[in-house]
Amino acid sequence: RDVRTFLVDEAELHTYDDLTKVNPLTPTIVLKCLQARYGARVFYTRAGCTLVALNPFQPVLDLYSLDVMHKYHAAAQPQDLKPHIFIVAEEAYRNVRGQVEPVNQSLVVSGESGAGKTWTSRCLMKYYATVAASRHGSRLPPRRIERRVLDSNPIMEAFGNARTVRNGNSSRFGKYIQLQLNSSQLLVGASVQTYLLEKTRVAFQAANERNFHIFYQMMKGATEKQRQEWGMQEDQTFAWLPNAEKTLEEDFFQETVEAMASLGIDVDKRAQIFRLLAGILQLGNVRFRPPACESKRCELGSLRKAAALLRVSPDELEERLSVQRLHAGRQGALLKPCSAGECAVRRDCLAKVIYAHLFEWLVTFINGSMCADDASWCTFIGLLDVYGFERFPLNSLEQLCINYANEKLQQHFVTLYLRAQQEEYVSEGMHWSIVRYRDNQDCLDLIEGSPSSIFSLLNEECRLNRASDAERLSKRLQTELSRSSSVSWDKFSTQPHFTVAHYAGDVTYHVHGMMEKNKDPVPPELLNLLQQSEVPLLQSLFAGSGTEGHGPRGPSKVTVVSKFKNSLESLMRILHSTTPHYTRCIKPNADCTPLSFKGEEVMSQLEACGLVETIHISAAGFSIRYRTRVLNHVSVLFFISSRHSPDRLALVVQDILSAVLMTSPAGLSSSSSNNNNNNNTTTTMVHCGKTKLFLTNPMLELRHFCSKMINLRELCKDSADVCILSAVRAWLARREVRKWHRAASVIQTRWRSWRTWMDTLAKEELDGAEEKCEEEFRPMPPLSHAPREGHPAQPPSVGAPVAVCAWPLGLALACTPHLTLTFTATGFQRLASATAALKIPSRQGEYKVETNQFERGVASIRAQPRGSVKLHARRSPLHYAHTYPGHHHDGVAGFNQILLEQT
């Protein structure tokens, strides 16, 4: 019965917005929860520190409307709303806005190919272009810069995306978009960084795949006039455009043209771009026939149409494609006719280099159109959209680089969320049970490690001046990398290959052709031909590229793998310098069927990306943390010093939070009631480490509850530390007031005791102060050597003391050799006598003598038989004991001891 009550009700699984609240937290329950929510048409679910997005494979327009955007942007607490990609976007946007020193943010959208990464990135760009351009909640149309940011997306997708067997709109390049914000968090510009365009797709498409979208857009959207200009007949077919009969959502030529016009690409430039693309398609139709003998050239097919579109000499084009120029040192160049296969390779190389340079020119133009000046922006929000993990029947260098990029991103996620958090908990002294996860560091060492790895061996083979040999490369890989547990070989395969155990599954790569792709050689004679083109754009693309791919002593040593690795390392440095926000896109089925959920395929993706382990750590860990030095800066009375251990801080914080938790909302109260111990609740919700204070997600809910209770709008906009710090300040203030009360009581007690003691001393020291006034004129009694009780002894040579009451002090002091004076004057008479005796000048306005100075000032006045007379104030409480009223020569140096010389 207890177990049944502990387990969640499977009928209510679709209501769980956060997977960390599922009980028990097992992969099966997580899978059932996602399946139930997918069946209920709920496609977003929180998973601790990440967001899970299930691809519906159909448009859900009302989920991304402008009203929904403004709803999440205007919400005081977006976390209270249903999970959505806009919550991640708003959290990143508020992090930039809410920091004392703004920190750049990065939104990493990861997942397999076809999981919905491109659509998610498109929604994020639209969201920021809307909310970052609005002022005071207005719903005005986006400004010009926001329009350009949005229009850059259709162009990039048209020239960089294609249909694959796993995805109808697969990104064949990686891009990192930086949305630039000014100090007011308004969008002022953007820039795009691209990584490894799959340019081999221009000349080769696998079965059931297509070329880049832009070629099909031209085929289906061009007007009759444009077809004539491009030499494209309506019924003409192209070898490099397979599956052209299939119409996709992305086949909208007019949208691409309008976006190019919005970004500032004029009519003439657009005409040149489409001319070059048409020329590439015509190159694909060129066929080669083996010559009758090696000395004769190949016969060329429809070469002249391609030459006309590229505006180069047809004869020159024919010669450069069919004849290889060999350098023979001082003997000059030798011309060698190419075989049919070599001619096809040179043709493909020409098409790929034109398209790659055209793509780079478009990226540069887009950046120049929407990038802001350095002085006008201070922070950015980055959107990373890369190709997803791929596994095809035939995998080559492109898939190796793509999966390597996904391995790097997975390692970044593992390091940040799975490894670093647990190591931090242990180092902070928490009792933490390590959650095991799959670390892909071994796979990365296999691919990019040193001294021996796949990349290093591949580059070494490519840099040697010898012909490419796939068998030799395969043997070297097997010999030097056999110790790695992440690589294997099929002994029964006749083709050179190797299999890598990636985090998302095993992938077999074919070595044949991999070295040529890594070298990426471009014959210099082809580059020189393109520089002679009469198309201004084509000529500018290859200006100064006559020796591209060649160094002073032969082919360049810079390989495709080296350039991609360097660019990827630069990207990782950017991600490490920003605050990342991960979104995991999940592909429910491999056929891209709407609302179809395949449990086995989804489970493999969950296990590959470590999502279940992430949920475990997020559920048991602490999502909010503060450094104790920050709390110490807020209040120095936290007893954080070398004399107090962190345990003292833990006790103080628990005492503070215990009162706060008494007014917790229902969810927190139930947690407290289950434990029947408020301190236990505090311990589970808050942990004080050696250098940090950790809070759980319920503390964030507590902050929401407190903000509603006090009904303060500004508190709702603050971060989770407001409630805690407010309680801390109140507790410190109460403790300080109690300390003041105790100090005041001590001072009052000491003062009363001192007053009593001083009164007693004064009473004992006064000589004859209690004698009656009528005794003042008695005859002097005979001298007695025995001292009277209560009076000090007198020397034998001096007569008996004579008591004088109410005498002027000066007259009394004049008789000091013979008399012991008793001074009992009070009030004004006493003040006047003391003033006259001490010779204090009575100047109005220059000084002030207060009567309370003389109320207890003079304890005794004694006349000695010989020598000087001392007036002594013992322990006098006078306010001006060591000061004098003015800077005068006849001023008083002090009342504690005044020496009056004998007159």
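Analysis parameters
Residues numbered from 1 in each chain as written. Predicted model: local features only at pLDDT ≥ 70, side-chain atom pairs only at ≥ 80, totals over all residues. Heavy atoms only, no water. UniProt positions renumbered as here; feature names shortened; annotations may be inferred. Helix = DSSP H or I, 4+ residues; strand = E, 2+ residues; numbered from the N terminus. Buried < 20%, exposed > 50% of the residue type's maximum accessible area, 1.4 Å probe, protein only. Contact = heavy atoms within 4.5 Å. Areas by Shrake-Rupley, 256 points an atom, 1.4 Å probe, with all protein chains shown as cover. Salt bridge = Lys/Arg side-chain N within 4 Å of Asp/Glu carboxyl O. Pairing = 2+ DSSP bridges. Axes fitted to C-alpha atoms, helices over the stretch in contact; angles between N-to-C directions. pLDDT = per-residue confidence, 0-100. Phe/Tyr/Trp six-rings, centres within 6.5 Å; stacked < 30°, edge-to-face > 60°. Lys NZ or Arg CZ within 6 Å of the ring centre and 35° of its normal. Patch = residues over 30% accessible without salt bridge, like charges linked within 9 Å, V, L, I, M, F, W, Y side chains within 5 Å. Lys, Arg positive; Asp, Glu negative; His and termini not counted. Charge placed at Lys NZ, Arg CZ, Asp CG, Glu CD. Expected span 1.5 Å × (residues − 1).

Identification of the protein chain as Myosin motor domain-containing protein from Electrophorus electricus is taken from an unreviewed UniProt entry. Note on the protein chain: under the UniProt heading Sequence similarities (unreviewed entry), the record states "Belongs to the TRAFAC class myosin-kinesin ATPase superfamily. Myosin family."

Peer 1: How would you sum up the overall build of the protein chain? Please name residues and give values.
Peer 2: A count of helical and extended segments in the protein chain gives 33 helices and 24 strands. The buried share of the protein chain, taken over its 903 residues, is 49%. Considering only contacts in the protein chain between residues 6 or more positions apart, those separated by 24 or more positions represent 68%. For the protein chain, the accessible area works out to roughly 45,600 Å², and carbon and sulfur atoms hold 53% of it.

Peer 1: Give a description of the pattern of salt bridges that names residues and reports values.
Peer 2: This structure, assessed with the given rule, holds 24 salt bridges. One salt bridge in this structure joins Asp385 and Lys175, with 2.9 Å as the shortest N-O distance. Remark: Lys175 occurs in strand 6 (residues 174-181) and Asp385 occurs in strand 12 (residues 379-385); sequence separation between them is 210 residues. With respect to burial, Asp385 and Lys175 carry one shared label: buried. Residues Asp251 and Lys220 are paired through a salt bridge, measuring 3.4 Å at the closest nitrogen-oxygen approach. Of the two residues, Asp251 is situated in the loop between helix 8 (224-230) and helix 9 (253-262) and Lys220 in helix 7 (residues 213-221); the sequence distance between them amounts to 31 residues.

Peer 1: How would you explain unusual backbone geometry if you had to name every residue and give the values?
Peer 2: A cis geometry characterises the amide bond from Asn23 onward to Pro24, with omega recorded as -5°. Note on placement: Pro24 falls in the loop between helix 1 (2-6) and helix 2 (27-39). Residue Pro451 follows Ser450 across a cis peptide bond; omega there is 5°. Within the fold, Pro451 resides in the loop between helix 15 (441-448) and helix 16 (454-463). The backbone of Phe57 shows a phi angle near 60°, a positive value even though the residue is not glycine. In the Ramachandran plot, Gln185 falls in the positive-phi region, its phi being about 60° despite a non-glycine side chain. Relative to the elements of secondary structure, Gln185 occurs in the loop between strand 6 and strand 7 (187-195).

Peer 1: I'd love a proper account of the pairing of strand 14 (residues 497-502), names of residues and values included.
Peer 2: Within strand 14, five of the six residues are buried, leaving the element largely enclosed by the surrounding structure. Relative to strand 14, strand 13 (residues 487-488) runs antiparallel, the two sharing two bridges. For Ser488, the partnering residue across the bridge sits in strand 14 and is Thr499. Counted between consecutive antiparallel strands, the loop separating strand 14 from strand 15 (residues 505-510) contains two residues.

Peer 1: Provide a residue-level description of the sheet that holds strand 1 (residues 44-47), including the pertinent values.
Peer 2: Read across the sheet, seven strands follow the order 1-2-18-3-12-6-7 without closing on themselves; strand pairing throughout is mixed. On the outer flanks of this sheet lie strand 1 and strand 7, each paired with one strand and no other. For this sheet, the mean angle separating the axes of adjacent strands, direction not counted, is 20°. Two elements, strand 6 and strand 7, share eight bridges in a ladder whose sense is antiparallel. Looking across to strand 7, one finds that Leu181 is bridged to Leu187.

Peer 1: Pulling in residues and values, what's your account of the sheet that holds strand 15?
Peer 2: In spatial order, the strands read 13-14-15; together these three strands make up an open sheet with antiparallel pairing. Each end of this open sheet is capped by a strand with a single partner; those strands are strand 13 and strand 15. Pairing analysis gives six bridges linking strand 14 to strand 15, with the strands arranged antiparallel. Bridge pairing in strand 15 places Ala501 opposite Asp506. Here helix 14 (residues 397-427) sits on the sheet and contacts strand 14 and strand 15; the angle it forms with strand 15, its principal contact strand, is near 150°.

Peer 1: Describe helix 19 (residues 524-531), listing the residues and the values that go with them.
Peer 2: Of all the eight residues making up helix 19, six are buried; the element is thus mostly covered by neighbouring parts of the structure. Among all positions in helix 19, only Pro524, Glu525, Leu526, Leu527, Leu529 and Leu530 are buried.

Peer 1: So what's going on with the confidence of the model for the protein chain? Which residues, and what values?
Peer 2: Averaged over the protein chain, the pLDDT score is 77; the fraction of residues at 70 or greater is 68%. Mean pLDDT values over the elements of the protein chain span from 38, in helix 26 (residues 666-675), up to 95, in helix 10 (residues 267-284). The low-confidence segment residues 627-643 (pLDDT under 50) makes 26 contacts with residues lying over four places distant or belonging to another chain. Ignoring residues within four places in sequence, the model shows residues 663-683, a span with pLDDT below 50, making 25 contacts including any to other chains.

Peer 1: Would you mind going over the UniProt feature "binding site: ATP" (unreviewed entry) in the protein chain in detail, with residue names and values included?
Peer 2: As annotated in UniProt, the feature "binding site: ATP" (unreviewed entry) corresponds to Gly111, Glu112, Ser113, Gly114, Ala115, Gly116, Lys117 and Thr118 in the numbering used here. Secondary-structure assignment places Gly111 in strand 3 (residues 105-111). If we skip the residues at most four places from it in the chain, Gly111 touches Lys117, Gly388, Phe389, Asn406 and Cys585. Inspection of the secondary structure puts Ala115 in the loop between strand 3 and helix 5 (117-131). A residue is classified by how much of its surface remains accessible, and Ala115, at 2% relative accessible area, is buried. For Ala115, the residues in contact, after removing those within four places along its chain, are Asn55, Cys585, Ile586 and Lys587.

Peer 1: Summarise the packing of aromatic side chains; cite the residues concerned and give the values.
Peer 2: Per the counting criterion, the structure on display carries 22 aromatic pairs. Between Tyr127 and Tyr128, the ring centres sit 5.8 Å apart and the planes meet at 75°, which makes this aromatic pair edge-to-face. Comparing Tyr127 with Tyr128, the two get one shared label, buried. Grouping aromatic residues by their ring pairs yields a cluster made of Tyr64, Tyr72, Phe86, Tyr93, Trp119, Tyr127 and Tyr128. The cationic tip of Arg210 hangs over the ring face of Tyr216; the distance from NZ or CZ to the ring centre is 3.8 Å. The side chain of Arg584 reaches across the aromatic face of Phe413, ending 4.4 Å from its centre.

Peer 1: I'd like a rundown of a positive patch on the surface, residues and numbers included.
Peer 2: Where like charges cluster on the molecular surface, the positive patch consists of Arg734, Arg738, Lys739 and Arg742. Within the element layout of this structure, Arg738 appears in helix 30 (residues 721-765).

Peer 1: Outline helix 10, listing residues and values.
Peer 2: Helix length check: helix 10 (18 residues) gives 26 Å between terminal C-alpha atoms against 26 Å at 1.5 Å per residue, within 8%. Burial analysis of helix 10 places 14 of its 18 residues in the buried class, the great majority of the element.

Peer 1: Please set out the side chain of His84 residue by residue, giving values where relevant.
Peer 2: Position of His84 relative to the elements: it lies in the loop between helix 3 (66-74) and helix 4 (85-98). Owing to a relative accessible area of 2%, His84 belongs among the buried residues under this scheme. Filtering out sequence-adjacent residues up to four positions away, His84 remains in contact with Tyr44, Leu51, Leu63, Tyr64, Val68 and Tyr72.

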